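# Working through the structure, step by step
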Amino acid sequence: DNHLIRMKKGSVYETAERMDPKYVGSRAFRIMFLRGNRYDTKDAAAQMLAFFVQKQKLFGTEKLVKDITIDDLDEDDRACLRTGCIQIA
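Attention here is on the structure that accompanies the text. Here the structure is a predicted model, which means the values were calculated and not measured.

Here the focus is the overall build of the protein chain. Helices and strands together make up the secondary structure of the protein chain, namely 6 helices and 0 strands. The order of helices and strands in the protein chain, counted from the N terminus, is α-α-α-α-α-α. Once the C-alpha set of the protein chain is aligned to its principal axes, its extents read approximately 40 × 30 × 20 Å. Here the protein chain, with 89 residues, has 27% of them falling under the buried criterion. Considering only intrachain contacts with a sequence separation of at least 6, the fraction spanning at least 24 residues in the protein chain is 49%. For the protein chain, the accessible surface area stands at approximately 6,500 Å², while carbon and sulfur atoms represent 52% of it. Across the protein chain, the mean location of the 16 positive side-chain charges is 7 Å away from that of the 14 negative side-chain charges.

What follows is the structure in structure tokens.
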């Protein structure tokens, strides 16, 4: 949390946190980044901030604190998924 507190000032993460603190602060959500970074808290914090930047670019601010579903994809994205070259879990 210390790394995140220092890095988040003025970030998209901070916007998401204001929109829905429960979504951003959820234990499962945070652990996903910690596991993905082998429990390196500094790297996990940096990745979480980068995640929200990309999510905002791809889906807009209104979707920052929502789980993305197939309905959020445009037809080109769906066509790409149907080819099998990209998979989502």
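Attention now moves to the state of the cysteines. Scanning all chains against the criterion turns up 0 disulfides. Among the cysteines around Cys 80, which has no disulfide bond, Cys 85 carries the closest sulfur, lying 3.7 Å off.

If you trace the backbone, Lys 8 turns up in the loop between helix 1 (2-7) and helix 2 (12-19). Lys 8 sits in the buried class, given a relative accessible area of 16%. At 2.7 Å, the side chain of Lys 8 and the side chain of Glu 17 are in polar contact. Contact partners of Lys 8, with chain neighbours within four places excluded, come to Tyr 13, Glu 14, Glu 17 and Leu 49.

How each quantity is defined
Residues numbered from 1 in each chain as written. Predicted model: local features only at pLDDT ≥ 70, side-chain atom pairs only at ≥ 80, totals over all residues. Heavy atoms only, no water. Helix = DSSP H or I, 4+ residues; strand = E, 2+ residues; numbered from the N terminus. Buried < 20%, exposed > 50% of the residue type's maximum accessible area, 1.4 Å probe, protein only. Contact = heavy atoms within 4.5 Å. Areas by Shrake-Rupley, 256 points an atom, 1.4 Å probe, with all protein chains shown as cover. Lys, Arg positive; Asp, Glu negative; His and termini not counted. Charge placed at Lys NZ, Arg CZ, Asp CG, Glu CD. Disulfide = S-S within 2.5 Å. Polar contact = N/O pair within 3.5 Å; in protein donor to acceptor, adjacent residues only side chain to side chain.

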